[in-house]
Each structure stands twice: as C-alpha cells, then as structure tokens.
Amino acid sequence: MKRQQVFDVAAVRSIIADRKDMAGAMLPILHGIQEKVGYIPADAVPMIAGELNVSRAEVHGVISFYHFFRQEPAGQHVVQVCRAEACQARGSEALAEHAQNVLGCGFHETSADGKFTLEPVYCLGQCAIGPNLTINDELHARVDADKFKRLIQAKREA
C-alpha cells in the first residue's frame, strides 16, 4: 500500500498561477513543481489540468513521457547512469546492472532504505571518458564496479 505523500499545496498553486499564462505553460509548471516539491504529486495533476483547461490524461501523459519527471519522492541521493550509445560501448550496461544489484532497486525506483533513487540518463556529454554517472548532479567519469562501490559507500557514510 502506498503512503499518502504530503506536499505544499499553496506552493504548487502559486507555481501554477505564476506560469499558467506562459506559452507552452505545462512544462514550466511541471519543472517548477518538481524543483519545489521534488516530484509531481498525483494530487497536483487535476490542479494543473483545471488551470490549463486540459484533461488529466494529457497532464499525466506529459509527466510519463519525459523521464525527468518523478511521480514519487526521490531518495536522499539520485544516481543517474548514462545509457547512451557511447557509454554503452564503454561498459555502461555492466555498470547499470551492477548499480541495480548494489542499490537493490531498478531504474525509476528507490532503495529500500530510501537513500538512493536510480535513474537512467541519456548522455552526460562526456562520451570519451565513459561510462559516466551523476550522484546528486555531480558528474563521475570512467566508473567501473569498484569505483561505483566507493562512491556509494561515501554517500552512505556521509
């Protein structure tokens, strides 16, 4: 059973009000909510739909189409493993499998202890020195299994 998530409704309403008249307002609204709340709460969807005069399905479609948007709160640390072709050629598939084993969760999931959310990312712009990943937006290059374990252990101990 999922826990009911609590979020700042007033802040979400303010973001929607501030951005609803922009051209292509849905993406700026969604980005603003995720920046403020950390994810897009399900209860925000009808609020957005109502203000933009679109269906809830349309809002949900945009949220689910873009891998950047989260529908659940992230863990304390967000680990993004590059899945683009250049990193794949340098071993990111093995790194991705290793990351899932070490963290005990798949992509778009959070570890049981709530510390790590694992996400795919498609190109971090460091193709020649892959495989790459970020932890909380900090870039790490040439990541192998041992380096991954050290990076995760450092975050666990911090």
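Residues numbered from 1 in each chain as written. Predicted model: local features only at pLDDT ≥ 70, side-chain atom pairs only at ≥ 80, totals over all residues. Heavy atoms only, no water.

- Per an unreviewed UniProt entry, the protein is named Formate dehydrogenase subunit gamma, and its organism is Herbaspirillum frisingense.
- UniProt's Sequence similarities (unreviewed entry) comment on the protein is quoted here verbatim: "Belongs to the complex I 24 kDa subunit family."
- Per its UniProt entry, the protein bears the Cofactor (unreviewed entry) comment "[2Fe-2S] cluster". (UniProt positions renumbered as here; feature names shortened; annotations may be inferred.)

Some thoughts on the overall build of the protein
For step 1, the next point in the chain: Along the protein, the regular secondary structure elements total 7 helices and 5 strands.
For step 2, the next point in the chain: For the protein, the spread of C-alpha atoms along the three principal axes comes to 50 × 30 × 25 Å.
For step 3, the next point in the chain: Across the 158 residues in the protein, those meeting the buried criterion constitute 41%.
For step 4, the next point in the chain: For the protein, restricting intrachain contacts to residue pairs at least 6 apart in sequence, the fraction spanning at least 24 positions comes to 58%.
For step 5, the next point in the chain: In the structure as shown, the protein presents an accessible area of about 9,000 Å², 49% of it carried by carbon and sulfur atoms.
For step 6, the next point in the chain: Between the averaged position of the 17 positive side-chain charges in the protein and that of its 19 negative side-chain charges there is a distance of 3 Å. (Helix = DSSP H or I, 4+ residues; strand = E, 2+ residues; numbered from the N terminus. Buried < 20%, exposed > 50% of the residue type's maximum accessible area, 1.4 Å probe, protein only. Contact = heavy atoms within 4.5 Å. Areas by Shrake-Rupley, 256 points an atom, 1.4 Å probe, with all protein chains shown as cover. Lys, Arg positive; Asp, Glu negative; His and termini not counted. Charge placed at Lys NZ, Arg CZ, Asp CG, Glu CD.)

Side note on the sheet that holds strand E1 (residues 77-82)
For step 1, the next point in the chain: An order of E2-E3-E1-E4-E5 is seen for the 5 strands of this open sheet, with the pairing classed as mixed. The open sheet terminates on both sides in strands that have one partner only, identified here as strand E2 (109-110) and strand E5 (138-140).
For step 2, the next point in the chain: Sheet topology places E1 next to strand E3 (residues 116-121); 6 bridges connect them, and they run parallel. In the sheet register, Cys82 faces E3, and the bridge partner there is Val121.
For step 3, the next point in the chain: Together, E1, E3, strand E4 (133-135) and E5 form the strand contacts of helix H7 (residues 145-157), whose direction differs from that of E4 by roughly 10°. (Pairing = 2+ DSSP bridges. Axes fitted to C-alpha atoms, helices over the stretch in contact; angles between N-to-C directions.)

A few points about the nonpolar core
For step 1, the next point in the chain: Residues Leu30, Ile33 and Ile48 are the most contacted members of the largest nonpolar core, which totals 21 residues.
For step 2, the next point in the chain: Secondary structure elements with two or more residues in this core: helix H1 (9-19), helix H2 (26-37), helix H3 (44-52) and helix H4 (56-65).
For step 3, the next point in the chain: In terms of residues, this core owes the most to one element, H3, which gives 6 residues.
For step 4, the next point in the chain: Excluding residues within four positions of it along the chain, Ile48 makes contact with Ile16, Ile29, Leu30, Ile33 and Val59. (Core = buried A, V, L, I, M, F, W, Y, C linked by side-chain atoms within 4.5 Å.)

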